[in-house]
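# Breakdown of the fold
Letter by letter, the chains look like this.
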Amino acid sequence: MDRLSYRLSQLSDRERILLALLAAVIVPLALLFLVAVPLLDARADARSAVTQAEDLRDWVAARVAELPPTGLEETAAQDTPPPMGLSTLEQSLVAVGLRESVTELANRESGGLEIAFGPVPFADLIGWLAQVAPSWGYDVAAFRIERDEPGLARASLVLEPSQ
């Protein structure tokens, strides 16, 4: 501290004023660019993510509203059939023309299945699920859907045997 005061005492009044002005400008600018701007950017990114999530929710709701009503409520009360095998599930995908869109179809160690779809028409995917779900003998353990292009989605399902 003594060294700093000694150096400042060696400066002229004009140099001390310029140094004070420099410190008065640099410190606020440093705080602005090192703290405030990154926080504002993070806030803008978070708002963008929320907007995208809301858009996706609205898009899924609109696609669901376009589907005809199904009788899933009636079949839920019936006994659950034994889980269908991988080949039976694959045949149901071939029958509705979705097999080409499947990117993963595999057995899980727990006895369940994993199915992933590339770009697939949303209405066709939901229609297939509504047709197969009452009789496939699985519960959906995890489901992820992402909008790809208008009318298309990417989806992944993790199925566990019903209990």
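What counts as what
- Along each chain, residues carry numbers from 1 onward, in the same order as the chain's sequence is written.
- It should be noted that, the model being predicted, local features are given only for residues of pLDDT at least 70 and side-chain atom pairs only at 80 or more, the latter also being counted only at that level, while totals for whole chains, interfaces and linings use all residues.
- Hydrogens are left out, water is left out, and the side-chain values use all remaining heavy atoms of the structure.
- Put simply, DSSP H or I for four residues or longer makes a helix, DSSP E for two residues or longer makes a strand, and each gets a number counted from the N terminus.
- We compute the radius of gyration from the C-alpha atoms alone; for a globule the expected value is 2.2 Å times N to the 0.38, where N is the number of residues.
- Exposed residues in this analysis have more than 50% of their type's maximum accessible area, buried residues have under 20%, and partly exposed residues fall in between, with area computed by a 1.4 Å probe over protein chains only.
- Contacts are assigned to residue pairs that have any heavy atoms within 4.5 Å of one another.
- Under the convention used here, a 1.4 Å probe and the Shrake-Rupley method define accessible areas, while residue burial counts only the protein chains that appear.
- Asp and Glu count as negative and Lys and Arg as positive, but His and the ends of the chain are not part of the count.
- To locate a charge, the coordinates of NZ of Lys, CZ of Arg, CG of Asp or CD of Glu are taken.
- pLDDT is defined as a per-residue confidence score from the predictor, taking values between 0 and 100.
- Two strands qualify as a pair provided that DSSP identifies no fewer than 2 bridges between them.
- Only C-alpha atoms enter the line fits that serve as axes; for helices the fit covers just the stretch in contact. Angles between N-to-C directions range over 0 to 180 degrees.
- Each aromatic pair joins two rings of Phe, Tyr and Trp (for Trp, the six-membered one) with centres within 6.5 Å, and gets the label stacked for planes under 30 degrees apart, edge-to-face for over 60, and tilted for any other angle.
- Salt bridges are defined as contacts in which a side-chain nitrogen from Lys or Arg sits within 4 Å of a carboxyl oxygen from Asp or Glu.

## Observations regarding the overall build of the protein
A count of helical and extended segments in the protein gives five helices and four strands. When its helices and strands are written in sequence order, the protein yields α-α-α-α-β-β-α-β-β. The C-alpha radius of gyration computed for the protein amounts to 30 Å, which surpasses the reference 15 Å derived for 163 residues by more than 25%, pointing to a less compact arrangement than a globule. Along the three orthogonal principal directions, the C-alpha set of the protein runs to about 90 × 35 × 30 Å. Out of the 163 residues in the protein, the part that is buried amounts to 20%. Within the protein, contacts between residues separated by at least 24 positions form 56% of all contacts whose residues are at least 6 apart in sequence. Carbon and sulfur atoms make up 58% of the accessible area of the protein, which amounts to about 11,400 Å² in all. One finds the centroid of the 13 positive side-chain charges in the protein at a distance of 17 Å from the centroid of its 23 negative side-chain charges.

## A word on the confidence of the model for the protein
Summary statistics for the protein give a mean pLDDT of 85 and a share of 91% for residues scoring 70 or more. Of all secondary-structure elements in the protein, the lowest mean pLDDT belongs to helix H3 (residues 72-76), at 51, while strand E2 (residues 113-121) reaches the highest, 92.

## So, the side chain of Ser92
With respect to the helices and strands, Ser92 occurs in helix H4 (residues 86-96). For Ser92, a relative accessible area of 17% gives the class buried. Those residues within four positions of Ser92 in sequence are excluded, and the remaining contacts are Trp128 and Val132.

## Re the sheet that holds strand E1 (residues 102-107)
As summarised here, the arrangement of the four strands in space is E1-E2-E4-E3, forming an open sheet in which the pairing is antiparallel. Of all the strands in the sheet, just E1 and strand E3 (138-147) have a single pairing partner and so form its edges. Taken pair by pair, the neighbouring strands of this sheet meet at an average axis angle of 15°, ignoring direction. Pairing analysis gives seven bridges linking E2 to strand E4 (residues 152-161), with the strands arranged antiparallel. Bridge assignment links Val120 to a residue of E4, and that residue is Ala153. Those strands touched by H4 are E1, E2 and E4, and its axis lies near 160° from that of E1. Against the sheet, helix H5 (residues 122-132) makes contact with E2, E3 and E4, and its axis sits at roughly 145° relative to E2, the strand it touches most.

## What to know about the side chain of Ser101
Relative to the helices and strands, Ser101 is located in the loop between H4 and E1. Owing to a relative accessible area of 15%, Ser101 belongs among the buried residues under this scheme. With sequence-adjacent residues up to four places away left out, Ser101 is seen in contact with Ala116, Phe117, Gly118, Pro119 and Val120.

## Some details on the packing of aromatic side chains
Counting across every chain of the model gives four aromatic pairs. Where Trp59 meets Phe122, the ring centres are 5.2 Å apart and the plane angle is 55°; that geometry is what we call tilted. Highlighted residues: Trp59 in helix H2 (residues 13-66) and Phe122 in helix H5, separated in sequence by 63 residues. Taking the centre distance of 6.3 Å and the plane angle of 80° together, the rings of Trp136 and Tyr138 count as edge-to-face. Of the residues examined, Trp136 reaches a relative accessible area of 2% and is grouped as buried.

## Examining the pattern of salt bridges
Taken as a whole and assessed by the stated rule, the structure comprises eight salt bridges. A salt bridge links Glu66 to Arg63; its shortest N-O distance comes to 2.9 Å. Note that Glu66 and Arg63 are positioned in helix H2 at a spacing of three residues, about one turn of the helix. Its relative accessible area of 18% is what places Arg63 among the buried residues. What emerges from the salt-bridge pattern is a single network uniting Arg108, Glu114 and Glu160.

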